[in-house]
Protein chains: 2
Amino acid sequence: MDEGSPLRYHVDGDLVPAPEATVSVEDRGFAYGDAAFETLRAYGGNVFRWSDHASRLADTCETLGLDHGLTDADLKGRIDETLAANDLADAYVKLSITRGVQPGTLDPQPAVDPTVVVIVKPLPRGGVDSEPAHDGPAAVQTTKVRKASSRAIPADAKTHNYLNGILARLELRVTGADEALMLDPDGRVAEGATANLFFADGTSLKTPSLDGPVLPGVTRRTVIETAEEEGIPVEEGRYTPDAVREADEVFLTNSTWEIRPVATVDGLAVDGDGGGVEGPLTTLLSRLFDRRVEDRYYDGDRS
Amino acid sequence: MDEGSPLRYHVDGDLVPAPEATVSVEDRGFAYGDAAFETLRAYGGNVFRWSDHASRLADTCETLGLDHGLTDADLKGRIDETLAANDLADAYVKLSITRGVQPGTLDPQPAVDPTVVVIVKPLPRGGVDSEPAHDGPAAVQTTKVRKASSRAIPADAKTHNYLNGILARLELRVTGADEALMLDPDGRVAEGATANLFFADGTSLKTPSLDGPVLPGVTRRTVIETAEEEGIPVEEGRYTPDAVREADEVFLTNSTWEIRPVATVDGLAVDGDGGGVEGPLTTLLSRLFDRRVEDRYYDGDRS
């Protein structure tokens, strides 16, 4: 990528300069948010846990009844082409598949000519001793906006319908917090607007169960696997906001942030040990996560 | 409009041929469905009840925290220009305002450079003796997909987040029904995927109250006003699906369909009087609606 030249995105099979990367105003992705997407992280030129993302994308399209007819290899190829065209090894990647333009209005038609978009942004490398891709420990605030019931909006489908999360983030303007703590319709803890939530209380690592309106995050799964490999007990359940407020450690996970420690919950400091912001379990899991990225994508070689 | 030439849409202040009417893939309307919209009907070159639509659009933008800085007159002007450019007097009109392209990801920024889009389609004129803009009496089917609670997605905000309605319409593929009968989280009747619902049981005209997750439809309001002017009792309340299934008459309303009679609910014929599909109250209100359009927009003169 030349210095100063725009990024190039992949739109419907073509690489185009970002300012020319557009979709029709009649594309259902624009008109209705009728689109599936994945946010991925590329480390050393390779996307992290592609098969997990591809599998979740397929689940989302199944929920949407969106039969796009593209193979995982085709989709992966478009991501790889976009990274190569921008000479990017360490990057943020967003892959979207929409139902395209169709005749009529709201009714989705079975015959789909999908719109496929790949957006990339440079993002510093992960792995051992890397700088995190977030602004430091998060301030988390419980919002009045609740997660929708899965009977209305399936939480395991990752779509361009993001109003629920936007409304939650809007509430944070008043408090200055970074991320929302969103509750399910019964008032139990679900997740953030763009992150899964974990907390620890001295006996185990806890995270809201996927039975509730919770996205099955790829980083969430990676953290659970990592903890279990270390013999750390992991419990998935339904928790009250108080359980999070009283926890010794709290952290958020998503593909961009990886593991982001939480400094405060509803204005209360998270510091069960009376010490610093980041507890020992958060530190351990962050290091193990970095090591996993380092070993798998950089072969221990700092570039 | 020349025969065979494409329609022209209004995008960000410019009239452009429909195939060139696009938005950035980074526009928040595309990325998150972060946009407000109105569907309107133009009769004889004038949009029906503009001030009601403008007022609801303002409410939606307020809910979204979207300060677009445009006046109602500016927005109305863009609609009028689009109708004129296409030489359309009787038309479907969709006006959308998105939060535009912003730095960062999900967090909405206060400074907004909005994207404003006006789409138009020819739609036969309304008024007395006009052909309706729907495919005849509707088959309505209760869906498993429920309306989201207003604590999650405010039902009075008309946004590009339409997944809830799409999922409901997808269920209809199996049954062949035209419109969904969507229930609120408690199992009471709310509305269709794109229409408000009315029914009559011999004593009054009934429609789900705006206390539930129900869009404050402009046609809904017009029907209520029309009925009240005729001395027909109107009750807004919370109703079970059985109340609709057992009603003497059922109809749907939206800006495009105006008043659309319902022939069946969950496969059961709506024919309280044992006669045809459309009951006397539906017929009366349809005629009064047509007369209102005729008098106001065509001055009684058939073109």
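Here the structure is a predicted model, which means the values were calculated and not measured. (Residues numbered from 1 in each chain as written. Chains lettered and ligands numbered in written order. Predicted model: local features only at pLDDT ≥ 70, side-chain atom pairs only at ≥ 80, totals over all residues. Heavy atoms only, no water.)

**Regarding the overall build of chain A**
For step 1, the next point in the chain: From N to C terminus, chain A includes seven helices and 16 strands.
For step 2, the next point in the chain: Taking 2.2 N^0.38 as the reference for a compact globule, 303 residues should give roughly 19 Å; the C-alpha atoms of chain A span a radius of gyration of 20 Å, in line with that estimate.
For step 3, the next point in the chain: Projected onto its principal axes, the C-alpha positions of chain A cover 60 × 45 × 35 Å.
For step 4, the next point in the chain: Within chain A, buried positions represent 58% of all 303 residues.
For step 5, the next point in the chain: Here the contacts in chain A between residues at least 6 apart in sequence split such that 70% fall between residues at least 24 apart.
For step 6, the next point in the chain: Total accessible area on chain A is roughly 12000 Å²; 46% of this is exposed by carbon and sulfur atoms.
For step 7, the next point in the chain: Considering chain A, the positive charge centre built from 30 side chains and the negative charge centre built from 53 side chains are found 3 Å apart. (Helix = DSSP H or I, 4+ residues; strand = E, 2+ residues; numbered from the N terminus. Rg over C-alpha atoms; globule rule 2.2 N^0.38 Å. Buried < 20%, exposed > 50% of the residue type's maximum accessible area, 1.4 Å probe, protein only. Contact = heavy atoms within 4.5 Å. Areas by Shrake-Rupley, 256 points an atom, 1.4 Å probe, with all protein chains shown as cover. Lys, Arg positive; Asp, Glu negative; His and termini not counted. Charge placed at Lys NZ, Arg CZ, Asp CG, Glu CD.)

**Quick look at the interface of chain A and chain B**
For step 1, the next point in the chain: Counting residues at the interface gives 57 residues for chain A and 57 residues for chain B.
For step 2, the next point in the chain: Along the contact surface separating chain A from chain B lie four salt bridges.
For step 3, the next point in the chain: Connecting chain A to chain B are 29 residue pairs in polar contact (both at pLDDT 80 or more).
For step 4, the next point in the chain: Looking at the side of chain A that touches chain B, the elements that each hand over two or more residues are strand S1 (8–11), strand S3 (22–24), helix H1 (28–32), helix H2 (50–64), strand S6 (91–98), strand S7 (115–122) and helix H4 (163–175) of chain A.
For step 5, the next point in the chain: In terms of residues, the side of chain A that touches chain B owes the most to one element, H4 of chain A, which gives eight residues.
For step 6, the next point in the chain: Where S3 of chain A lies against strand S3 (residues 22–24) of chain B, three bridges are found, and the strand directions are antiparallel. Looking at S3 of chain B, one finds that Val23 of chain A is bridged to Val23 of chain B. (Salt bridge = Lys/Arg side-chain N within 4 Å of Asp/Glu carboxyl O. Polar contact = N/O pair within 3.5 Å; in protein donor to acceptor, adjacent residues only side chain to side chain. Pairing = 2+ DSSP bridges.)

**Things to note about the domain arrangement of chain A**
Residues and elements named next belong to chain A.
For step 1, the next point in the chain: When its domains are assigned, chain A resolves into domain 1 (8–122) and domain 2 (138–297).
For step 2, the next point in the chain: A C-alpha centroid distance of 26 Å is found between domain 1 and domain 2.
For step 3, the next point in the chain: Taken together, the contact pairs 24 residues of domain 1 with 22 residues of domain 2.
For step 4, the next point in the chain: Interface of domain 1 and domain 2: buried area, both sides summed, is about 2000 Å²; carbon and sulfur atoms make up 56% of it.
For step 5, the next point in the chain: Contact with domain 2 buries surface across domain 1, with Phe48, Arg49 and Arg56 losing the most and accounting together for 33% of the total.
For step 6, the next point in the chain: Summed over the shared surface of domain 1 and domain 2, the number is three salt bridges. (Domains from an automatic or database assignment. Buried area = accessible area lost by both parts, 1.4 Å probe.)

**Some words on the pairing of strand S6 (residues 91–98) of chain B**
All names here are of chain B.
For step 1, the next point in the chain: With eight of eight residues buried, S6 is to be regarded as a mostly interior element.
For step 2, the next point in the chain: Relative to S6, strand S4 (residues 35–43) is paired through eight bridges, and the arrangement is antiparallel. Pairing of Ala36 across the sheet is with Ile97, part of S6.

**So, the relation of the copies chain A and chain B**
For step 1, the next point in the chain: Rotating chain A by 180° and translating it 0.0 Å along the rotation axis places it on chain B, where the RMSD comes to 0.0 Å. On this basis, the relationship between the two copies can be described by a two-fold rotation axis. When C-alpha distances to the rotation axis are compared across chain A, the minimum falls at Phe30 of chain A, with a value of 2.1 Å.
For step 2, the next point in the chain: In this assembly, 100% of the residues forming the interface of chain A have copies in chain B that are likewise at the interface, indicating an isologous arrangement. (Least-squares fit on C-alpha atoms with pLDDT ≥ 70 in both.)

**Some remarks on the sheet that holds S4 of chain B**
Residues and elements named next belong to chain B.
For step 1, the next point in the chain: Read from one edge of the open sheet, six strands run S2-S1-S7-S6-S4-S5, paired in antiparallel fashion. Bordering the open sheet on either side are strand S2 (14–17) and strand S5 (46–47), each of which pairs with just one other strand.
For step 2, the next point in the chain: Across the sheet, helix H2 (residues 50–64) lies against S4, S5 and S6, angled at about 175° from S4, the strand it touches most.
For step 3, the next point in the chain: Lying over the sheet, helix H7 (residues 280–298) contacts S4 and S5, oriented at roughly 80° with respect to S4. (Axes fitted to C-alpha atoms, helices over the stretch in contact; angles between N-to-C directions.)

**Quick look at the side chain of Arg220 of chain A**
Residues and elements named next belong to chain A.
For step 1, the next point in the chain: The residue Arg220 is located in helix H5 (residues 218–229) in this model.
For step 2, the next point in the chain: Reaching out from Arg220, the side chain makes a polar contact with the backbone oxygen of Pro208 at a distance of 3.1 Å.
For step 3, the next point in the chain: Setting aside its immediate chain neighbours within four residues, Arg220 contacts Asn196, Phe198, Thr207, Pro208, Ser209, Leu210, Val214, Leu215, Glu236 and Thr253.

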